[in-house]
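A closer look at the structure
Spelled out from the first residue to the last, the chains are:
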Protein chains: 2
Amino acid sequence: MAVMANQMTDLEIAQQTKLKRIRDIAESLGLQEDEWEPYGHYKAKLSLNIMNRLSTKPDGKVILVTSINPTPAGEGKSTVTVGLGQALQRLGKKAIVAMREPSLGPTMGIKGGATGGGYSQVLPMDEINLHFTGDFHAITTANNALAAFIDNHLHHGNGLRIDPRRIVWKRAVDLNDRALRHVVVGLGGPAQGVPREDGFDITVASEMMAVFCLATDLHDLKQRLARIVVAYNMDKQPVTVGDLGVEGALTLLLKDAFKPNLVQTVEHTPALVHGGPFANIAHGCNSVIATKMAQKLADYVVTEAGFGADLGAEKFLHIKSRLAHIRPEAVVIVATIRALKMHGGMAKDELHTENIAALQAGLANLQKHVETIQAFGLPFVIAINRFVTDTDREIKTLIDFCDMQGYPVSLTEVWEKGGEGGIDLAEKVLHVIENETNHFAPLYDVNEPIPEKIRKIARIVYGAKDVEFSAKAQQQIKQFAEFGWDKLPICVAKTQYSLSDDPAKLGRPKDFTITVREWKPAIGAGFLVALTGDVMTMPGLPKQPAALRMDVDENGNAVGLF
Amino acid sequence: MAVMANQMTDLEIAQQTKLKRIRDIAESLGLQEDEWEPYGHYKAKLSLNIMNRLSTKPDGKVILVTSINPTPAGEGKSTVTVGLGQALQRLGKKAIVAMREPSLGPTMGIKGGATGGGYSQVLPMDEINLHFTGDFHAITTANNALAAFIDNHLHHGNGLRIDPRRIVWKRAVDLNDRALRHVVVGLGGPAQGVPREDGFDITVASEMMAVFCLATDLHDLKQRLARIVVAYNMDKQPVTVGDLGVEGALTLLLKDAFKPNLVQTVEHTPALVHGGPFANIAHGCNSVIATKMAQKLADYVVTEAGFGADLGAEKFLHIKSRLAHIRPEAVVIVATIRALKMHGGMAKDELHTENIAALQAGLANLQKHVETIQAFGLPFVIAINRFVTDTDREIKTLIDFCDMQGYPVSLTEVWEKGGEGGIDLAEKVLHVIENETNHFAPLYDVNEPIPEKIRKIARIVYGAKDVEFSAKAQQQIKQFAEFGWDKLPICVAKTQYSLSDDPAKLGRPKDFTITVREWKPAIGAGFLVALTGDVMTMPGLPKQPAALRMDVDENGNAVGLF
């Protein structure tokens with residue numbers, strides 16, 4: 001059956017793209033022979049020695065891609081990230097895309113890939129979306145090895161006096177598996193371990209993933225691993241990985257995964273795809289080491305943060321930037337007409353019809369995120385990711401709004417046209433980098449009291465009136481100060497769909513309060529997670545999982561992946 | 001500190017070896033550019049297309065390495081396998097070593113690597129012993145994705161009417177984790193799945209691993225996956241992967257792992273290291289596809305079966321050989337003075353002292369395994385794997401015994417001397433291949449009744465008087481006939497330490513009976529597992545796991561791995 005080009009699936013476009021050998025991509029970055037290892041012909045792992053060789057080279061400029069609050073309509077933030085990288089390359093700039101690795105759970109479950117789309121993808125998308133170079137498997141293994149060491153310690157006399165009811169380290173799988181959310185382990189009698197309640201998180205929600213992504217080098221990785229709190233003892237004092245003495249073994253399990261992965265886009269722009277923490281329970285961006293290495297290898301690094309600016313960008317700027325001394329030069333805020341109409345009150349199945357009123361009502365969501373980026377003192381450009389159902393009137397309405405507010409805006413068509421569809425965006429981004437003053441500063445200081453830190457996030461970033469704390473959360477804040485954990489940045493676990501902690505409140509809610517029901521200290525990663533509402537750390541599969549469509553054809557190629 | 005060569009650890013020897021680039025190894029095998037993919041500079045995955053290109057090429061000769069019943073003293077079967085491959089290469093033969101991949105569980109737990117030792121190792125041993133090319137992670141993921149699909153089916157209405165009490169598909173991790181042996185999943189209320197008893201096996205004990213290792217190509221892999229029985233429904237009828245409709249997705253998860261891994265030995269002999277099922281609950285040898293591919297790429301394939309000849313070799317010859325039409329040309333039976341002395345009654349901590357009487361008493365174990373190989377009609381050579389504590393008198397005693405019986409025997413020193421230490425063994429193996437008649441035939445026909453098949457194994461291979469069946473096992477035999485499963489070969493899950501099903505009976509026990517307490521049908525793999533005694537499918541960690549010694553040095557190299 002003949003199909004038109006724009007009717008091809010992402011997988012078909014990916015499989016039709018003639019890739020360059022990864023050697024060519026590595027050489028285009030000036031990498032030396034011993035600085036990269038091939039994983040197949042189109043993937044490579046990069047040596048950490050690159051950071052030493054290029055230590056005195058000035059860092060490339062980081063462009064952070066974020067978005068309005070996501071909706072089921074989809075925003076295409078990854079697609080814009082890749083498209084912008086390709087556009088910069090078309091303009092003759094030395095650019096790298098830095099992105100997260102996808103998780104297998106959602107892939108087998110419900111959603112499309114996390115590798116961009118259309119003619120703005122990182123490739124080979126099928127391999128990246130399946131096992132890739134095995135990083136997540138290594139992280140899962142380190143996570144579960146640690147769990148086994150804890151239970152083994154209990155079994156062999158429990159010298160550290162761990163309270164089995166207060167073990168906070170959970171097991172992990174990189175799958176959607178609701179039946180593993182709440183389990184009891186150690187059943188079967190005295191030879192089979194100590195019975196206790198436990199649970200599994202999806203790997204991307206684990207602290208192991210967050211630690212991996214925030215470590216600046218192997219030494220720092222080991223130090224962070226040692227600091228992870230796995231349990232509390234009978235005196236309610238924290239027990240760490242260092243107490244168990246297994247930080248060396250965990251580092252060994254992670255050392256190869258820790259090397260950033262080099263791949264390419266549809267247009268052969270180099271891309272570092274590495275690490276992938278959730279943007280609610282964790283900080284939601286690719287590894288620090290990949291971003292830092294990309295800065296050494298290119299003049300422009302286009303990188304993405306998870307979910308909307310209230311979660312991903314806020315955490316990029318408060319956690320990753322602070323830790324790794326990364327100052328973005330500009331922020332791209334992705335919006336779609338469809339998603340803005342949903343924020344304006346339309347139902348998903350009506351989005352194909354023109355609705356200027358809904359669009360105008362939804363603009364408030366975009367405006368709030370712009371104000372957030374302005375509060376951080378950063379130059380920005382709004383990217384409209386165009387869909388075929390968008391009408392000219394709708395697009396004009398959005399552009400007129402931006403013009404009126406004085407917001408730089410660009411209409412992009414990177415899904416259909418690749419880098420060509422992002423040239424205008426790239427030019428505008430370069431323009432704001434060169435012409436606008438960057439006043440970047442975090443919105444809170446880590447030395448402020450914990451309640452003050454999260455209040456600043458909630459008020460300035462979410463537009464909340466105030467933050468309330470449950471009795472438990474208040475008690476934990478006191479405890480954290482006793483343990484010396486109160487100088488850490490905050491990582492808010494909040495619904496991605498709303499600026500508030502109520503996923504039903506779309507648009508720009510007002511007069512709302514954020515409620516912190518509990519804290520989850522992530523001492524290895526180095527932040528305090530504030531749990532607001534219910535946070536899903538292990539998704540379930542839908543009744544008809546995407547896996548039912550998947551297969552391998554007679555030539556061994558992936559079928560039905562997307 | 002200066003150390004003598006023979007005092008270096010396996011890891012130190014491995015790290016001091018100057019490896020050839022995997023490209024050179026691939027080219028030495030005549031592989032075309034598109035027939036292999038590098039994974040780093042020293043590992044590669046080989047394309048399944050090689051089998052098509054070389055389909056008319058005569059198969060190389062298979063040499064099967066087995067041993068006496070293993071003891072805690074260690075036999076060095078992998079070391080002899082590698083050493084023999086190196087020796088054949090030194091004699092100018094085109095040889096390949098085919099071995100199993102190691103499991104991470106034992107590596108982090110207690111034992112040394114499964115990659116040979118000394119100057120007879122497959123390299124890079126640290127990478128092979130850690131994540132290697134990710135095959136086991138892919139198998140674990142496929143295993144657990146299937147478990148998630150089953151629980152998801154229960155959760156969403158259970159259209160297949162699966163009895164939650166009769167789900168036989170367990171989850172897996174490639175770790176030693178006793179706390180996961182018996183668990184309850186699906187707790188937490190109606191949104192969190194259906195509560196039920198479950199358990200985790202170590203990945204190498206899973207049927208997923210056995211299926212992977214017995215599939216002859218991707219199509220066969222998918223067919224086998226579809227046949228896996230995961231549960232029984234409310235009418236006690238089997239429910240398969242095909243009923244769930246996920247064999248395509250599982251094949252997709254396994255397709256890259258299914259390509260054999262090419263590495264090299266210390267002396268640059270090519271080695272295919274691929275798959276790794278247990279030799280009790282499963283059939284205990286590397287993948288069929290790796291052995292068949294090795295036969296196309298070399299004139300001699302030296303391959304290993306797990307545990308002693310009563311388990312590994314019996315299963316190789318009855319399951320793998322039958323399925324894949326592989327006729328070994330000769331068998332090497334590995335024995336050590338130390339292990340024979342243990343079979344003769346000595347305690348492990350006395351083995352360094354000379355004891356001719358114990359040695360002579362232990363020879364009965366060796367003799368039984370020789371008789372087994374003779375019963376299969378196969379030429380053989382006994383390989384004495386020399387240890388420094390062996391005295392000349394002891395070695396003379398063993399050689400005299402072999403001479404008197406007319407058994408070909410060779411004293412090997414492959415740990416210390418590499419291939420040079422196995423030249424005599426290689427010459428003797430070549431001699432028996434060229435001069436002795438091969439009468440290879442299986443000891444039972446798959447069309448015989450189930451009790452008859454296992455009785456032949458027990459009587460001829462173990463030297464048992466008879467086989468008894470529990471009431472449950474008898475009832476299962478009837479049921480298997482009803483389901484049409486009675487024409488499958490048998491896979492006995494028995495202790496590796498004894499010819500009997502009692503691990504304490506060393507040497508050559510007589511007048512014993514084997515008791516089958518239960519059957520475990522592995523319909524995807526294509527065999528019926530007979531459970532005798534307790535079979536460990538999830539090991540535990542010792543009080544001081546090997547992981548406590550492990551680390552990464554300042555150059556990113558593995559430390560303390562072995």
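Residues numbered from 1 in each chain as written. Chains lettered and ligands numbered in written order. Predicted model: local features only at pLDDT ≥ 70, side-chain atom pairs only at ≥ 80, totals over all residues. Heavy atoms only, no water.

Both faces of the sheet carry side chains from a regular strand, because those side chains alternate between them. All names here are of chain A. Among the five residues in strand β4 (residues 95-99), five count as buried, and that is most of the element. As paired elements, β4 and strand β16 (residues 300-304) share four bridges and run parallel to each other. Looking across to β16, one finds that Ile96 is bridged to Val301. Sheet topology note: the β4/strand β15 (residues 270-273) ladder contains three bridges and is parallel. Following the sheet pairing, Val97 is matched in β15 by Ala271. (Buried < 20%, exposed > 50% of the residue type's maximum accessible area, 1.4 Å probe, protein only. Helix = DSSP H or I, 4+ residues; strand = E, 2+ residues; numbered from the N terminus. Pairing = 2+ DSSP bridges.)

As a further point, take helix α18 (residues 423-435) of chain A. In a regular helix each residue adds 1.5 Å, so 13 residues correspond to 18 Å; α18(A) covers 18 Å between its end C-alpha atoms and thus fits that length. All buried positions along α18(A) are accounted for by A:Ile423, A:Leu425, A:Ala426, A:Val429, A:Leu430, A:Val432 and A:Ile433. (Expected span 1.5 Å × (residues − 1).)

Before going further, it helps to examine the environment of A:Gly245. Residue and element names in this part refer to chain A. Along the chain, the position of Gly245 falls in the loop between α10 (241-244) and α11 (247-254). Judged by relative accessible area, which is 31%, Gly245 ranks as partly exposed. Counting along the chain gives 61 residues from Gly245 to Val184, while the straight-line C-alpha distance between them is 26 Å.

Before going further, it helps to examine the interface of chain A and chain B. Taken together, the 68 residues of chain A in the interface contact 68 residues of chain B. Interface area for chain A against chain B, summed over the two sides, is near 5,800 Å², with a carbon-plus-sulfur share of 64%. Taken together, chain A and chain B are joined by four salt bridges. In this structure, B:Asp551 engages A:Lys222 in a salt bridge whose closest nitrogen and oxygen atoms are separated by 2.8 Å. Between chain A and chain B we count 31 residue pairs in polar contact (both at pLDDT 80 or more) in total. When residues of the side of chain A that touches chain B are traced back to their parent elements, those giving at least two are β1 (36-38), α5 (104-109), α7 (135-155), β8 (171-173), β9 (183-185), α9 (218-227), α11 and β25 (551-552) of chain A. The dominant element in the side of chain A that touches chain B, judged by the number of residues it contributes, is α7(A), at 10 residues. Grouping the constituent residues of the side of chain A that touches chain B by class yields 35 nonpolar, 20 polar and 13 charged. (Contact = heavy atoms within 4.5 Å. Buried area = accessible area lost by both parts, 1.4 Å probe. Salt bridge = Lys/Arg side-chain N within 4 Å of Asp/Glu carboxyl O. Polar contact = N/O pair within 3.5 Å; in protein donor to acceptor, adjacent residues only side chain to side chain. Nonpolar A, V, L, I, M, F, W, Y, C, P; charged D, E, K, R; others polar.)

Below, the discussion takes up the domain arrangement of chain A. Residues and elements named next belong to chain A. The assigned domain composition of chain A is domain 1 (10-132 + 257-432), domain 2 (135-254) and domain 3 (450-532). Placing a centre on the C-alpha atoms of domain 1 and another on those of domain 2 gives a separation of 32 Å. With both chains or domains summed, domain 1 and domain 2 bury close to 2,000 Å², and 67% of this area falls on carbon and sulfur atoms. For the domain 1 face of the interface with domain 2, the top three residues by lost area are Ala257, Phe258 and Leu323, together amounting to 27%. There are one salt bridge connecting domain 1 and domain 2. For Asp135, the salt bridge goes to Lys45, with nearest N and O atoms at 2.7 Å. In this assembly, domain 1 and domain 2 are joined by 10 residue pairs in polar contact (both at pLDDT 80 or more). (Domains from an automatic or database assignment.)

Our next topic: the packing of aromatic side chains. Scanning the model with the defined rule gives 20 aromatic pairs over all chains in all. Residues A:Phe200 and B:Phe200 carry aromatic rings whose centres are separated by 5.6 Å and whose planes lie at 0° to one another, so their mutual orientation is stacked. In this pair, A:Phe200 sits in strand β11 (residues 200-202) while B:Phe200 sits in strand β11 (residues 200-202), so the two residues belong to two different chains. Judged by its relative accessible area of 2%, A:Phe200 is buried. (Phe/Tyr/Trp six-rings, centres within 6.5 Å; stacked < 30°, edge-to-face > 60°.)

Let us look at the confidence of the model for chain A. Residue and element names in this part refer to chain A. Mean pLDDT for chain A: 95, with 98% of residues reaching 70 or above. Long-range and interchain partners of residues 1-5, a stretch whose pLDDT sits below 50, account for two contacts in this model, where long-range means more than four residues apart. For this predicted complex, the interface confidence comes out at an ipTM of 0.96, alongside a pTM of 0.97. (pLDDT = per-residue confidence, 0-100.)

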